[in-house]
Each structure stands twice: as structure tokens, then as C-alpha cells.
Amino acid sequence: MILDSKVPSGPLEKKWSQFKADMKPVNPANKRKFKVLVVGTGLAGGAAAATLAELGYNVEAFTYHDSPRRAHSIAAQGGINAAKNYQNDGDSIWRLFYDTIKGGDFRSREANVYRLAEVSANIIDQSTAMGVPFAREYGGYLSNRSFGGALVSRTFYARGQTGQQLLLGVYAALSRQIEAKKVKMHNRKEMMDVVVVDGRAVGIVVRDLLTNKLESHYGDAVILATGGYASVFYLSTNALYCNVTASYRAYKRGAAFANPCYTQIHPTCIPQSGDHQSKLTLMSESLRNDGRIWVPKKAGDKRNPADIPEEERDYYLERMYPSYGNLSPRDISSRAAKRVCDEGRGVNATGKAVYLDFSDAINRLGQKVIADRYGNLFDMYENIIGVNPYKNPMMIYPAAHYAMGGLWVDYNLMSSIPGLFVLGEANFSDHGANRLGASALMQGLADGYFVIPNTINAYFGKGKPQTIPTDHPEFKKVEVEVQERITKLLNVNGKQSPTQLHKKLGAIMWEYVGMARNREGLKKAIGLIQELREEFWHDLKIVGPDSYLNPVIEKASRVADFMEFAEILAYDALMREESCGAHFREEYQTEEGEAKRNDKDYSYVAAWEFQGVGKEPILHKEDLKFEFVHLGERSYK
Amino acid sequence: MRINLHVWRQPNTEAKGHIQLYTLDDVSPDMSFLEMLDVLNEQLIQKGDDPVAFESDCREGICGTCGMVIDGIPHGKQSGATVCQLHMRKFKDGDDIYVEPYRHTVFPVIKDLFVDRSAYDRIIQAGGYVSANVGSAPDANANPIPKGIADLAMDAAQCIGCGACAAACPNGSAMLFVAAKVSHFNLLPQGQPEKATRARAMVKRMEDEGFGGCSNYYECEAACPKNISVRFIAKLNRDYLYAAFKEGV
Ligand code: FES
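Quick caveat, the model's predicted, so the values are computed rather than measured.

Draft legend 1. Quick peek at the overall build of chain B. Counting its secondary structure elements, chain B contains 8 helices and 7 strands. C-alpha atoms of chain B, sized along the principal axes, occupy 60 × 40 × 35 Å. Considering chain B as a whole, with its 249 residues, one finds that 60% of them fall into the buried category. Summarising the internal contacts of chain B: among those between residues at least 6 apart in sequence, 68% fall at separations of at least 24.

Draft legend 2. Spotlight on the side chain of Asp112 of chain B. Residues and elements named next belong to chain B. With respect to the helices and strands, the residue Asp112 is situated in the loop between strand S6 (109-111) and strand S7 (114-115). Reaching out from Asp112, the side chain makes a polar contact with the side chain of Arg9 at a distance of 3.2 Å. A polar atom in the side chain of Asp112 sits 2.8 Å from the backbone nitrogen of Ala53. In contact with Asp112, other than residues within four places in its own chain, are Trp8, Arg9, Gln10, Pro51, Val52, Ala53 and Pro101.

Draft legend 3. Main features of the sheet that holds strand S14 (residues 354-357) of chain A. All names here are of chain A. Spatially, 5 strands are ordered S11-S15-S14-S12-S13 in an open sheet, and the strand pairing comes out antiparallel. Of all the strands in the sheet, the pair left with one neighbour each is strand S11 (263-269) and strand S13 (313-314). Bridging between strand S12 (residues 292-296) and S13 involves 2 bridges; their strand directions are antiparallel. Among the inter-strand pairings, Pro296 is bridged to a residue of S13, identified as Arg313.

Draft legend 4. Region of interest: the confidence of the model for chain B. Per-residue confidence for chain B gives a mean pLDDT of 96, with 99% of residues at or over 70. Prediction confidence for the complex, expressed as pTM and ipTM, is 0.96 and 0.98 respectively.

Draft legend 5. The sheet that holds strand S2 (residues 18-24) of chain B, seen in detail. All names here are of chain B. Strand order in the open sheet made by the 5 strands is S2-S1-S5-S3-S4, with mixed pairing throughout. What marks the edges here is a single partner per strand, and that holds for S2 and strand S4 (73-74). Bridge count between strand S1 (residues 3-9) and S2: 7 bridges; the pairing is antiparallel. Residue pairing for S2: Arg9 is matched across the bridge by His18. Across the sheet, helix H1 (residues 33-47) touches S1, S2, strand S3 (69-70) and strand S5 (96-100), and the angle it forms with S2 is around 95°.

Draft legend 6. Region of the structure containing the interface of chain B and chain A. Listed as interface residues are 75 residues of chain B and, on the opposing side, 77 residues of chain A. Note on chain B versus chain A: buried area summed over both sides is about 6,300 Å², and carbon and sulfur give 50% of it. When the buried area of chain B at its contact with chain A is split by residue, Asp57, Glu60 and Val134 of chain B rank highest and sum to 11% of it. Along the contact surface separating chain B from chain A lie 6 salt bridges. Residue Arg188 of chain A pairs with Glu55 of chain B through a salt bridge whose shortest N-O separation is 2.9 Å. Our enumeration of links across chain B and chain A arrives at 48 residue pairs in polar contact (both at pLDDT 80 or more). Sorting the residues of the side of chain B that touches chain A by element identifies H1, S6, S7, helix H2 (118-125), helix H3 (147-157) and helix H5 (175-187) of chain B as the ones contributing at least two each. Counting residues per element, the side of chain B that touches chain A draws most heavily on H3 of chain B, at 6 residues. Here the residues of the side of chain B that touches chain A sort into 33 nonpolar, 23 polar and 19 charged.

What counts and what doesn't
- Residues numbered from 1 in each chain as written.
- Chains lettered and ligands numbered in written order.
- Predicted model: local features only at pLDDT ≥ 70, side-chain atom pairs only at ≥ 80, totals over all residues.
- Heavy atoms only, no water.
- Helix = DSSP H or I, 4+ residues; strand = E, 2+ residues; numbered from the N terminus.
- Buried < 20%, exposed > 50% of the residue type's maximum accessible area, 1.4 Å probe, protein only.
- Contact = heavy atoms within 4.5 Å.
- Polar contact = N/O pair within 3.5 Å; in protein donor to acceptor, adjacent residues only side chain to side chain.
- Pairing = 2+ DSSP bridges.
- pLDDT = per-residue confidence, 0-100.
- Axes fitted to C-alpha atoms, helices over the stretch in contact; angles between N-to-C directions.
- Buried area = accessible area lost by both parts, 1.4 Å probe.
- Salt bridge = Lys/Arg side-chain N within 4 Å of Asp/Glu carboxyl O.
- Nonpolar A, V, L, I, M, F, W, Y, C, P; charged D, E, K, R; others polar.

What follows is the structure in C-alpha cells.
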């Protein structure tokens, strides 16, 4: 496998315009002859489907939800970054680019990140034109807030529901194209596999979740925008349906999987309350603008927070990282929380929580201002925990949140299988080893609204791919394989539910492949995952019908893929003998416990090629060349 | 605590349903209502029984996937919250709880508590958007919008499309849903060019789908997990009249 990033030559700030100038566009009259399949209708997929339909392509879109409006993008709270410089605080495309590269600990591709920063401003313009009700100041102009990892105020937001409003914007645009019959929408259909003929992606096999029947669909190009894999940890902030199946099945068909070990642990989540816990709820990190994080100085201090005097509190982020303080990046904040809890200074009955305290901000600004900014988050907290956060500090703890890793793509967002494009969280492209807050929405929309319409145009400009009918033997073969796997699940006849087994996998991943990793632990994890996979295939229990809606089968099929994928994640973490971004290897840290990067040996993208289940995949390296930035230390002190 | 759950079981759309009683011991007050159902389902799987089918995804009150009727009220008695945000501490030891799917002819039951809400999608498709192709946008600050207007539009835009309003309405009207979306756009300058056509097209689609009309029961507002105000229905009525006037009918 050869990984050619296809980055255009020339100066960084000219690459994208040069790319567009060089491509041979498809004749508008011919566009409807090209069929594009879009899998996933969140920010990236929904935006791509709507925009490609506006351009005249023949689009079919697929979601396992009952409606495209349910995609998990909807849950993003805090905001979306854009280099608008509306605050006149010195922001620029370059600064957003640099912050993102640095935030990713210099493990992303310069050209992709620069393009992201370049189109960021257009996203705000476009979303506003579509009626997204961003927050405004009294003068009527758009409002901004600050986010972790940046010293300028460039985050646009819609209360604590920015993801919802942007997704509903995408959903509106998509709905318009569905009404115009430019997009054929397939709800409640889950992609089960990619079909590859002569080395080219020619379509997909989907499962109708109501009838349990399989269907084949042909596309001149296939776009995966199927989100991230943080649910491999079982407990995460991801929605319950989130899974790795689409990406993982593409990987099994030959698409390289890049940097799976880069998984983000979000510092501000509501702590776990018991074994019944089905997911963890994130509290937007925008809260860290006004909340101060602390734990008692003394280990084992079980006093009521109000009874702990100021001088006996440790505002550890402010102490350790004076210039960024409570706004330090996510990985740094998460590890700092873990460290103070490991020292026995954690709060809550479990000892696995830290305080996020708003009393200073409420005294300074008044409760009304805080309620205006974060009202819905405070309500959410009170609902879940049963404690009023205006009166008592919140308790938070890190939780698995986002996958920076994903399918490898080139500058065109095309995977290593020609004709298969990957967008949004599902690709590995822009966030390196760690994603900054408010950058996921930016990337999803950049990919969907602005990048793919151009790169797919360039791809199709080379000529119309040959149509492969869905009765082609390869389609039939893949359908049979998918059906056999489901039948195999149904025939295990063991004792454990898919959820029970998923919980066990999550426990292994969180313990050995979570916030801090080491060689021994990772080797152990690989063995444990392999054993658990055996257990899965010998002890899985499925009940209910197999020819009508059955959520147990859906869940089992997704967990089966996690059981294989988890191992790749651990291999990647084991191979990367350095600490960078969200990947923290205990063997590689400075004396103060900070991540120690190794640019000499690990300045590359690790792209894995499937070799068979249980076999170590082949590692391919895409060297990261930094022509325009200097690889600095990622210091937030 | 111990809970007696009376749950609607219906294997498919055509089948007749019935209420089935399940008793759950050891329910923790910290569990969410859906986590309590998860526990029930795990027990059913262990016994080899078909678990209760219900939908949920984000479990934080934003995606609108969850939705069921608890003791006669969509999303249960806690106001301003979805069922996934409802916690067992709101119930007492020994409580009998009745759990049913939304009851609405436009939302047919697929299985147990699982219903088909695709009619809401089709209402949006009729006009719930601003027709602005990608690439055509001016600078976002080119048109300042008074904060009050933007905030009001945001109040309307918070709708999560869960279906509770229509399920709660004695007339089976989806007026609050339609009003929220129409108001969101019609309040904003961006929505003005299509203001009249949007109101008419969306109301017409609502009627064509088989939803009833609004006669001001306001049950929708009480059931709405996002506290969307019925004042938006009044605004929709004004926009609708304006549309009729514009079109001379
Ligand atoms: S599951 Fe998303 S709103 Fe309840």
C-alpha cells in the first residue's frame, strides 16, 4: 500500500486555491449522471449530501436513525471556531491553523489543517445565511467566546446547543433537497459493508433495520461520514447508537486505518453514579470560561466543599498552567484531573471527581449572567445529579469523547480505496493527536460544505466511472458474507447479552488503553481483548425475532466489530513509543509528568492495513513534513 | 426501591398490543428512567424473552429520539425534560408506572414503544428551511440582527422534533412543532423572502399528513421537553393570515 497524501505543491496559503484552479470541473449538465452514496447524515454527511445535490449530483443518503436530524453531531454544545477576527484580537487564518496544529501536538498534515482554517469563515457565513441563530451582542453582531487551547476569542455559539443548531441547519438544507427529489433519503438503514470491484469502491450493502433485509446500492463514489469510535470504551459521551462498524468494515476491505490510538478524553463530564450507567454526559468545556477547577489540598478531605477554606483548596490547573489555567487543552486537563484523583484528592463518593466551581463568577457577574450563558447546562446537571450547581460546585470527571484517529484519507479526503471518501470524525485528517474544543463542528462542516464538493468534482472530472450493476457477483458475495456473519451471531446461543460483553470490553479499554498507557498494560490488553472476543463468539445471547426490528441484533453486530477494532487501537498505542496529544505513554514523560514527544522517530501518521482478525495489521507510515511551522514544544504554561 | 412497571407490548404494527406487568427490585434513585428500562431488558434477555423495544440515542435530551408516554403524559410528569433526562428519584418505592407508546394515528407503533415519526420530517421538507445554496452567503456580520429577535428565534429553534406535542394534543395537532420551525425562520431577516410560502406549505403538509387543527388546549406546551411556548402558534397564525393576504385568497 502506498500512502500518497496528494498535497498540492506551492505555498501553504495558495494550495487550496491552486487545487481548485487546476481541477477540471464536471459539466453541470452531466452531473446528474454521477451517483454518490453518502453514509451518515450528521454535520459532515448531511452537509455533503445537501451540497452535492445542490450542485446537481444524483445523491442517495443513508442513516440508521429514524431521521437525519438525530445524528450525534446534535449533542455538541459549546461552539464552532472560525478565523473571523470579529473581536479584533489578532486572529487570522494562520493563527487558527497554528493553534490547531499545535493543539494536535504536531501530528497532523499541514496542508489539510490550513485548508480547514481557510474555509472556517465561510462556514459561519453559510450557516448564518441558512438561518442558524448564533448568539448575538446587543448591537446585533455575532458574539464569540473563548475555548480551550486558544488565546483569542473565535468561537461562535448558539447557547449551549451549537451542534444542535448547526445540525438542524444541515438537516434543513438536506430536507430541501429531499423535497426537490435531488436526494433519495434512506432512513433506518445501517451500512454493513463496502463493495470493492477492481480496486474501486462501487457501492455498499445496507441492512434495513425494520425488516432485517439486506440491500445493495451502487455509487460512482461512496462517502462515509459515520462518526467516531469512542464507544469502544463502553462508557463515553457518545450517543448509544454510535459505533465503528462502517469504518471498520471499510478497513477490512482494504482502507487503511490511521492513528486509532488518538482518542480524546474530555475533562468536563458528569461522573459515573453506578453500574447501571449507560453513558456519560458531557458538560461543555465552555463552562471553563467562568468555572474554576479545584480539589482539596489534603488527600482524603471529605468536608463539604463550602467548608473548605480558600487556602486549603488547590486550583491545580491555574497553579500548573498559569497562562491557560482553567482553559488548558482537554488532554492536559484530563490527565491533571486523573493525577489529583490518583493522589487521593478526588471528591464524590467514588473519589473520582473534581470540583468545577462557579461561585466567583456568580459573585462577580450575578446569577442572571451565568444562567444566560450556561442555563441549560446547569439544568442538565441538576437533573442528572439532583444537586443545584448555582449553590454547590459541580463535580466533573474525564470521559471518552472523541476519536481523532479514523480512516486514512489524502488531501482529497479519499481513503486508500479509490472512490471511497471519508468525512468528519470518521477520518483522521485534521486534529492530529488531540482536537481543540469547537473544532469538530468546524471540521465536519468544512468537509461537507466546502471540501468534498470540490474534491469529488476533481475525481469525477477524470471521467465517469463504469457502472457496476448490483447483481454483479461481488455485490452478491458481500451480501452473503454479511448475512453469514449475522447468522453466526444468532447461532451462538450463549448466556451474555451484547451489552454485558460491551461493558467488559470497555473496562479493559479504560483500564489499559485509556488516559495513560504503558507497554505492559497494552500487551496485556491485547491478550485480554483476544480472550474476550473468543468469549463473545462462544457466549453471546440474542433473543427476539430475526426478521423484524430487533435492537439486540443491531447491538450485537456493532459490538462484534468493536471486539476486533479494539485490538487495532491497542496495537497502535503500543507501537507509538512517545507521548503526544491525547496519547500518553507513562514511559515517555518529563519530570513534571508532561507528555514527551519524539519527533525524530514518530513524526508520522500510522496507517494500518488489515491482515485478518487476530493478526497484527501491517503498519504503513506517512511521514509528516513540516515545511511551514516550526515543531515547538506544546507548552501551555 | 421497588417499581411495578406496566408496559405496552406490541410485536408489530398490525398486532394487537397489551399491557404487561414487570416488577423491578433494587431500582436506584440515581438511575435514569431509560437506564431502569435497560435493567429490565437485561433481565428479559437473561430469561430468553424479547426485550421492550424503545428508542433513545443521545440520552441527554437533545436528539429527540426518545419519547414515550409515562402515566399518561408524553415524556412523563417532569416538565421541561425528555424521558431520557427523567430520573428515578422522581418516583417512590412501590410506585406503579404505566409506560406506553405515543398514541397518534400519524405515529403508528412499529413495536412496543417504538413509533414512526417520519411525518415530522415531511413537514420540514415542505418548507422548513431558508433556500440558500452553499457558496451564496454574504459575510455573517453584514446583516446585524437585534439580540432580542435572535434570542426569540433561538427559543423557537430549540425544538428537538420528538413528537410529544402532537402526542399530547387532544386534537392530535402538530401545531407547536410547525409553529416553532416557522417562527424560527420567519423571525429572522434571512427567512423573510420565503415567509409566506413557508407558513402555508408547512401547515398544508401538516394537514395532509393527517394531523388535527389547533383549538388552544395548550397540552403541547405542557408536554414539550424544551418548553417551547404556545405564543409561537399565535405568530404562526399571523404569518398564515399574512400569506393568505399576499396570495389574495
Ligand atoms: S435520547 Fe436523545 S433526547 Fe432522549
